[in-house]
Amino acid sequence: MHPLQLTASLNTCLRHRCKSIGAKIFQRTFTKEAENGGNLPVSAPIIQQVLIDMKMPLEIGNAMIITQCPKIFRTTQAGNHNKVYINSISGHFVCEHCNKQGSWSDLQDNLTMIKTQKRKSTFECFKDLENVKPYLVDSSQAKDTWNSCVPFGDLEVEEAIKVKEMFGLENLSVETLDRFGVRCDPKQQVVVFPSLVNNVITGVKKLTFHSNVDEASQNIRETYIPRSGPTSLFGLDTVDTSVTEVVLTSSEIDAMTVYQETKKPAISLPRGFSSLPQEALPCLERFKVIVLWFGDDIRAWEMAKHFSKKLNSKRCHVIRPSLEEPGPVTAYAQGIKLTSVLNKARPISHDSIVNLSHLKQEILAQLMHTDHVAGVKWKRYPVLNKLLKGHRRGELTVFTGPTGSGKTTFISEYSLDLCMQGVNTLWGSFEINNVKLGKMMLTQFALKNLTKHLDMFDYYADQFMTLPMHFMTFHGQESLKKVLDTMSHAVYVHDIGHVILDNLQFMMGVSGSEWSDRFMKQDTMISAFRKFATNMNCHVTLVIHPRKVTKNRHDGELGIMLLKFDKETLSFAMRPDKEKKKSEQDGGAEVEDGGEENKEEKKPDEEEL
């Protein structure tokens with residue numbers, strides 16, 4: 001098993017406490033795996049060499065290495081719909097003929113088994129490989145939800161108008177909504193967006209309209225079925241197989257607006273611009289040009305550049321953020337012709353930068369959206385927003401403090417705060433195991449002591465599992481190369497934007513006889529992680545022993561953030577002003593920001609955690 005996966009049998013951690021109070025515990029699993037295809041090394045040359053050695057057909061695609069199903073590639077059944085797509089970075093494969101997906105090591109095992117079979121026609125591919133899963137599967141729950149609703153075309157005209165206004169769909173025609181399979185339930189005030197691939201409903205996005213009795217406040221709640229959300233793209237089934245150019249947007253309404261106003265094929269990401277699942281890449285392989293139109297949000301622009309690397313930047317064109325080229329729905333509302341905006345799409349990669357004109361729109365966007373450029377804001381620690389301005393990609397944070405001062409407890413909630421706002425997070429806990437960390441993080445998420453509220457465990461655990469949170473399974477000493485490889489894999493597969501490593505000394509271990517050797521090793525590691533943060537455009541947070549840093553490069557300020565620890569919720573809260581004087585005497589949490597940021601948090605009067 002590859003070291004990158006979330007372990008969390010939190011109920012095991014609670015069960016021992018429950019025996020003493022006679023509480024009834026139901027067995028459940030609390031895991032989210034993120035595999036890298038075993039421990040076998042994966043690279044495009046390795047994949048190509050194995051296929052050549054096996055005398056398999058080989059085609060170099062845009063983001064995939066393409067071959068035929070190993071069982072039938074020499075038979076008359078071989079054809080366009082029997083391809084195997086192998087991700088050249090992660091090794092993840094999809095077999096169209098067998099409707100299976102899995103890791104590179106699983107595919108190698110299957111190839112080896114087929115080669116040893118005398119009667120290949122009776123051999124069942126991937127039969128004994130437990131980690132291989134079906135690729136396209138009808139979700140019964142999603143299908144039932146979709147079937148319980150009706151097409152907009154079946155509604156009376158006035159009723160259709162009312163539902164469209166309720167959900168902000170008034171600019172879309174009934175024909176467009178029906179073309180994309182969007183359905184609604186006027187009585188329940190629900191609209192459903194399906195993810196259809198080859199007429200298979202892999203999941204749905206469900207919007208539910210809520211309003212108070214007096215209708216003073218209204219809101220739309222968004223849920224996904226299944227809970228993990230679809231991994232396929234919305235609108236893909238509306239694109240003809242002969243089409244080679246498509247517009248990729250970050251929302252379903254954007255995609256439908258583009259198609260309706262330009263008649264150009266358009267699809268959207270399954271969960272906004274937060275992630276592009278690797279399971280969706282094979283479906284995009286046939287397109288020679290992909291136009292990424294995510295709007296003028298700075299974070300969306302960053303993700304567009306990140307996704308272009310996954311998709312092969314040579315075929316990606318982008319709409320750069322500017323006032324003249326906002327998102328599709330905004331552009332339509334402002335009376336801007338969407339065709340004219342699409343005509344301004346340019347390749348995302350250039351051989352060289354000739355002059356400032358290539359950067360003009362990006363600079364303007366940063367000047368216009370200074371709040372977004374500053375990064376994601378903390379909700380539980382508003383003082384951090386003043387000191388650090390926000391959490392930004394491409395930077396390194398160093399968090400220090402003495403043993404027992406609460407570094408892990410604080411950084412757990414610090415990262416959870418960001419994750420709850422959509423920052424894809426990867427935790428590497430080298431000091432405490434993931435079950436203990438998961439228990440602490442779940443308590444902070446619930447803001448309740450779950451030992452005293454066992455009846456609410458499933459509720460909060462299910463909510464927590466919807467967060468884009470992943471954990472490495474490393475513990476204790478580990479090689480720098482292995483950790484960096486895992487982090488790189490996570491950034492590619494899960495679009496990780498924040499990596500936490502706690503702590504550097506435990507990861508280093510005790511090797512090295514001289515203190516100078518250990519210091520040089522630590523300095524080398526910090527340098528490697530700083531380079532990783534820059535090259536991968538990912539924020540890295542390191543927990544280490546104190547190292548004084550007194551610089552602030554992002555318009556923030558050095559300062560003190562006073563904290564008070566709540567033992568029940570394992571959460572830090574801002575201390576009231578009246579306690580400020582006493583807190584400063586006891587020691588607060590010092591936060592310093594820059595290319596590296598240093599945060600110290602001292603509370604000797606609190607219980608050691």
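It should be noted that the structure appears before, not after, this text.
Being a predicted model, the structure only gives us computed values, none of them experimental. (Residues numbered from 1 in each chain as written. Predicted model: local features only at pLDDT ≥ 70, side-chain atom pairs only at ≥ 80, totals over all residues. Heavy atoms only, no water.)

Asks: Could you clarify how one ought to interpret the overall build of the chain in this entry?
Replies: For the chain, the count of helices and strands is 21 helices and 29 strands. Looking at the chain as a whole, 52% of its 609 residues qualify as buried. For the chain, contacts bridging at least 24 residues in sequence account for 68% of all contacts bridging at least 6. Of the roughly 28800 Å² of accessible surface on the chain, a fraction of 50% belongs to carbon and sulfur atoms. (Helix = DSSP H or I, 4+ residues; strand = E, 2+ residues; numbered from the N terminus. Buried < 20%, exposed > 50% of the residue type's maximum accessible area, 1.4 Å probe, protein only. Contact = heavy atoms within 4.5 Å. Areas by Shrake-Rupley, 256 points an atom, 1.4 Å probe, with all protein chains shown as cover.)

Asks: Teacher, can you tell me more about the pattern of salt bridges here?
Replies: Close approach of charged atoms allows side chains with opposite charge to pair. For the coordinates displayed, the defined rule picks out eight salt bridges. Taking the shortest distance from any N to any O, the salt bridge between Lys 143 and Asp 138 comes out at 3.6 Å. Looking at Lys 143, the relative accessible area reads 34%, which means it is partly exposed. Notably, a salt bridge pairs Lys 205 with Glu 222, separated by 3.3 Å at the nearest N-O pair. Of this pair, Lys 205 sits in strand β12 (residues 200-211) while Glu 222 sits in strand β13 (residues 218-225), and the two are 17 residues apart along the sequence. One continuous salt-bridge network, built from bridges that share partners, spans Lys 205, Glu 222 and Glu 252. (Salt bridge = Lys/Arg side-chain N within 4 Å of Asp/Glu carboxyl O.)

Asks: Is there a simple way to think about helix α7 (residues 252-262) in this case?
Replies: Helical periodicity: at 3.6 residues per turn, an α-helix aligns residues three or four positions apart in one direction. For α7, a buried count of nine out of 11 residues is recorded, marking the element as mostly surrounded by other parts of the structure. Taken residue by residue, α7 has Glu 252, Asp 254, Ala 255, Met 256, Thr 257, Val 258, Tyr 259, Gln 260 and Thr 262 as its buried positions. Backbone geometry just downstream of α7 places Lys 263 in the positive-phi region, at approximately 65°.

Asks: Help me understand the sheet that holds strand β7 (residues 100-102), please; the structure alone is not making it clear to me.
Replies: Strands pair in a sheet through their backbones, by hydrogen bonds, and they do so in one of two ways: parallel or antiparallel. Pairing within the open sheet is antiparallel, and its six strands lie in the order β3-β4-β5-β6-β7-β8. With partners counted over all chains shown, the strands left at the sheet margins are β3 (59-60) and β8 (133-134), one partner each. For β3 and strand β4 (residues 64-68), the ladder comprises two bridges, and the chain directions are antiparallel. Counted as the bridge partner of Glu 59 is Ile 66 from β4. Packed on one face of the sheet, helix α2 (residues 44-53) meets β3, β4 and β5 (83-87) and runs near 10° to β4. (Pairing = 2+ DSSP bridges. Axes fitted to C-alpha atoms, helices over the stretch in contact; angles between N-to-C directions.)

Asks: Is there a simple way to explain unusual backbone geometry in this structure?
Replies: Generally, phi is negative for residues other than glycine and the peptide bonds are trans, each holding for most cases. With omega at 0°, the peptide bond leading from Ile 225 into Pro 226 counts as cis. Of note, Pro 226 is situated in the loop between β13 and β14 (245-249). Its identity is not glycine, yet Asn 537 carries a phi of approximately 50°, on the positive side. Tracing the backbone through its elements, the reader meets Asn 537 in the loop between α20 (515-536) and β24 (539-544).

Asks: Mind showing me how you'd approach the side chain of Arg 183 here?
Replies: The residue Arg 183 is located in strand β10 (residues 183-185) in this model. Setting aside chain neighbours within four positions, we find Arg 183 in contact with Trp 146, Asn 147, Cys 149, Val 150, Pro 151, Phe 152, Val 190, Val 191 and Val 192.

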